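# Results of the structural survey
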Number of protein chains: 2
Amino acid sequence: MGSLGDFEFPQSNALLNIAGRASNDNPLDPEEFRRQGHMVIDFIADYYKNIEKYPVLSQVEPGYLKKRLPTSAPFYPESIETILGDVQDHIVPGITHWQSPNYFAYFPSSGSIAGFLGEMLATGFNVVGFNWMSSPAATELESIVMDWLGQMLRLPKSFLFSGNGGGVLQGTTCEAILCTLVAARDRTLRIIGNDNIGKLVVYCSDQTHCAFKKAAQIAGINPNNFRVIPTTLSTSFSMCPKALRNTITADVEAGLVPIFLLATVGTTSTTAVDPLGPLCDVAKDYGMWVHVDAAYAGSICICPEFRHFIDGVEGADSFSFNAHKWFFTTLDCCCLWVKDPSALTQSLSTDPEYLKNKATESKQVVDYKDWQLALSRRFRSLKLWLVLRSYGVEKLRGFLRSHVKMAKVFQGFVEADNRFEVVVPRNFANVCFRISPSAVMNKSSNGVLGEITNSNDISSPRTKTKMGMVNEVNQKLMESINGSGGIYMTHSVVGGIYLLRFAVGATLTQESHVIEAWNVVKQHAHAILNSIPTTQ
Amino acid sequence: MGSLGDFEFPQSNALLNIAGRASNDNPLDPEEFRRQGHMVIDFIADYYKNIEKYPVLSQVEPGYLKKRLPTSAPFYPESIETILGDVQDHIVPGITHWQSPNYFAYFPSSGSIAGFLGEMLATGFNVVGFNWMSSPAATELESIVMDWLGQMLRLPKSFLFSGNGGGVLQGTTCEAILCTLVAARDRTLRIIGNDNIGKLVVYCSDQTHCAFKKAAQIAGINPNNFRVIPTTLSTSFSMCPKALRNTITADVEAGLVPIFLLATVGTTSTTAVDPLGPLCDVAKDYGMWVHVDAAYAGSICICPEFRHFIDGVEGADSFSFNAHKWFFTTLDCCCLWVKDPSALTQSLSTDPEYLKNKATESKQVVDYKDWQLALSRRFRSLKLWLVLRSYGVEKLRGFLRSHVKMAKVFQGFVEADNRFEVVVPRNFANVCFRISPSAVMNKSSNGVLGEITNSNDISSPRTKTKMGMVNEVNQKLMESINGSGGIYMTHSVVGGIYLLRFAVGATLTQESHVIEAWNVVKQHAHAILNSIPTTQ
């Protein structure tokens, strides 16, 4: 470890070690910090060691914790030993174990040692890095790391600081979308006037994340002006540029003003990929802002063989992905790049007297408070820096490829079993599958499904439409699997099809877990298919 | 420590210890986690131990870090030893040490061992607690802790879950304000129609935090409808209810629609307190939403003798304070309570297929994603729970009172030295002071200030107004002190008066640091006053 830096405090009487002065009663006493910190490290290491002992999806009932905790805060201190005991006994049972190797739900929340350590350092320093001045390292490391990561993704130089764009760490994609939407909104309102806010229109597909609708709502976009382009199975649920153009044209003819398109690389339901190039071409014709949401799939575009999924990003105005999803960086850490930072800062800048300082006035520094919703901000770049350095580009690619490989293994199992089918082509490390309609129909006579026994969950009319039957069986499969606690998956419904999502990406997952997961799926499917009485 | 909880994973072949399977190459390998985790605990403990060796305000120049780091991410892994060495050599010099006992700037960012450990646990579990289902403990602990804290503040029961209101942990006050503003906006728009968004008006004082203006901008409130009530020194910069009423009346007469008042307890510049009762009475007459921003001062209202500062809160609709400011909880952690959670959820709810689940449908659970801007959320309640339990109500009150006591000591020094004056009465642990006009004038003849020597910073016309002279001297004092690195303070300007803020609250600060800080102030003031040439 290096020296303590260049600076020595000039007043010798202040060189006294803080430990020499602070009583042990100080809530930041260094030696007590050390003692308790080591205890919690061991606690968490043991948690990871034992994580497979817990049901992945928490099996508690609503209100479980209220029954176990007191109704008011303690008046006197309690020991860390007591508290950790309560964490183990009362909190752990109520946790859904996102770090479990048997976690295949939603998208991963892939932690890592490096990400954890970076978060520890940031928490230890506990600086409030709203502007450069308040902790120059926080701002400068963020800018540097965002350029590193932009290069790894081969983003166009126009998105990097080295090319007059720039990157910023937001908490979540929701925030990234809201910031860029507000920037786009105000860019137009500065031209047409604030009174015309009701004329602004925004666009997405029916597969776009719900964060966008919420952002539009928050930004005061008239709910009647929120356009959703329908997608279909035939195009794997990607947005159709022609349909987009037709919708925009109709809006413009109606006197409305299109301002923003949200395109997605890796949708939440099926990891569909919108065609960035053609969509940006349409948007360009109307002077619209295009934001590319690659929250999940952005990570893997650091691998050359996956980079083509963001081809066309050069036509967009902003791009984001979540390092806290599938990039080994703990929650929260959304990486956002914009071509025109001034569009953000024109909407989001503040300049109160109590924050004025010479560095800001020199215009030689970035003040990230003007790139985001909030004023205060954590030192998030530390964890991303530690992840990039601890693993390096090569290993990071290797980790991500191993997840894709495991998803391919699972896909192979599905394809080899004629009771199952893959619903949409797999792009990344998420397999969308279901018990196939033919497997369900074979169990019931002439398309009429008999009542499914042992079901408290599904309404059970004696006859249903074929699609309804198939969906019901698959919903029952998912609930049965998750209720067992062995593995955890989640579902979606696209084009009327209820599908199960098998998303590989938890850091501890290895191929053996995927093989075991497939056994679990098969066992539960077997039981459910056998519970369908044949009704001929 | 207790058992591993009730549940035992039913399939015995999955009971294999993860450490038995995972290679050391796994980025979440438990034993490697343990090894590196202990190293970083020691690193941070040593940082606290040595923190007084560093200049409080970082003394680096813009761009310092770019010169020290490579231009791209490493291709191959680097060791934690190398990385920690770089943190020490390159990051620490660029940090402004908010945890230093000599930090008196802005407001404190008071860390604690308990807050740190809670953050570690949350980072270790790394759950994404957007709804109840995704980790019941995260939601339930938050609701419980917010009721505990609400009781400690003696908030009216209508703000607690036990009284049909409820609390939520936001990241920052900025987010809390934006959420409540959007709720208030939509409550009105549901009645008067979305087309009338341009008629909505919001109110605050000229001392209100800039977060409110930014929130109004984001929420699409017409910038022309942002009303700022002027304050004066005569009322210690608190908002005048009569002036508010007059402004509202004029707006209503002009056909506009008042929707929201932001009242502050403990303003950023001078910790002024707006009169909540009378302001809420005015707002009530117009059906407006009142949010009380007690970001800084809320903490100390857990002490009975300070509780009166939030008297009248029962008339408000929402109340927030930052546990990450002056409540020993690391950044970020803003506590927000609302009387009517449905107002929030009506604006902020999302219900996509991929998040549907039976717990939500049962309406027996809280889904906090619908109480905040973003979908994803960290397990923030753990750190607050650890703070409340590790210290207990009694010690927490004691810590806060000790900071007030130290601020009183500093105030005594200022008052006893006739070269200085306290600018506004001290309410909490922040002293607003300056070199007095008489001390400056005594050094220059008949109100004409001679050129201040050795000043690169201040424009130096030969004559100035008296107020300009006094402000210039005080600005020079602050810059001189901060440039020394010994202590760090920040400034504000209120009613044309440039003042220095001495905010006590860093966790490691003890009375000896305050005494030493006053010596630093005196030394620099002496030098600056002596550098004013008499010009008779």
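These numbers come from a predicted model, not from an experiment.

### Some details on the domain arrangement of chain A
Interface size is often expressed as the accessible area that is lost when the parts come together. Residues and elements named next belong to chain A. Taken domain by domain, chain A consists of domain 1 (30-94), domain 2 (128-391) and domain 3 (395-446 + 460-531). Computed from C-alpha atoms alone, the centre-to-centre distance between domain 1 and domain 3 is 33 Å. Each side of the interface is counted separately: domain 1 has eight residues, and domain 3 has eight residues. Between domain 1 and domain 3 the total buried area reaches about 540 Å² when both faces are included, carbon and sulfur atoms providing 64% of it. Between domain 1 and domain 3 we count zero salt bridges in total. At the junction of domain 1 with domain 3, the criterion picks out three residue pairs in polar contact (both at pLDDT 80 or more). Here the side of domain 1 that touches domain 3 is built from residues that sort into six nonpolar, one polar and one charged.

### Observations regarding helix α11 (residues 341-348) of chain B
Every buried residue belonging to α11 of chain B is among Pro341, Ala343, Leu344, Ser347 and Leu348 of chain B, and all of these are buried. Buried residues of α11 of chain B, viewed axially, fall in a sector of 160 degrees; they line one side. Packing partners of the buried residues in α11 of chain B comprise α7 (210-218) of chain A together with β1 (166-170), α6 (173-192), β5 (289-293) and β7 (334-338) of chain B.

### As for the interface of chain A and chain B
Contact with chain A, which involves 190 residues of that partner, is made by 193 residues of chain B. Of the charged contacts in the structure, one is a salt bridge between Asp46 of chain B and Arg34 of chain A, with a shortest N-O distance of 2.9 Å. On inspection of chain A and its partner chain B, the count reaches 73 residue pairs in polar contact (both at pLDDT 80 or more). Examining the composition of the side of chain A that touches chain B, we find that 18 residues originate from one element, helix α2 (residues 30-49) of chain A, more than from any other.

### Concerning the sheet that holds strand β6 (residues 318-322) of chain A
Residue and element names in this part refer to chain A. Strands sit in the order β1-β7-β6-β5-β4-β2-β3 across an open sheet of seven strands; the sheet is mixed. Either end of the sheet is taken by a strand with one partner, and the two such strands are β1 (166-170) and β3 (226-229). Between one strand axis and the next, the sheet turns by 20 degrees as a mean value, whatever way the strands run.

Reading the values: the criteria
Residues numbered from 1 in each chain as written. Chains lettered and ligands numbered in written order. Predicted model: local features only at pLDDT ≥ 70, side-chain atom pairs only at ≥ 80, totals over all residues. Heavy atoms only, no water. Domains from an automatic or database assignment. Contact = heavy atoms within 4.5 Å. Buried area = accessible area lost by both parts, 1.4 Å probe. Salt bridge = Lys/Arg side-chain N within 4 Å of Asp/Glu carboxyl O. Polar contact = N/O pair within 3.5 Å; in protein donor to acceptor, adjacent residues only side chain to side chain. Nonpolar A, V, L, I, M, F, W, Y, C, P; charged D, E, K, R; others polar. Buried < 20%, exposed > 50% of the residue type's maximum accessible area, 1.4 Å probe, protein only. Helix = DSSP H or I, 4+ residues; strand = E, 2+ residues; numbered from the N terminus. Arc of directions from axis to C-beta. Pairing = 2+ DSSP bridges. Axes fitted to C-alpha atoms, helices over the stretch in contact; angles between N-to-C directions.

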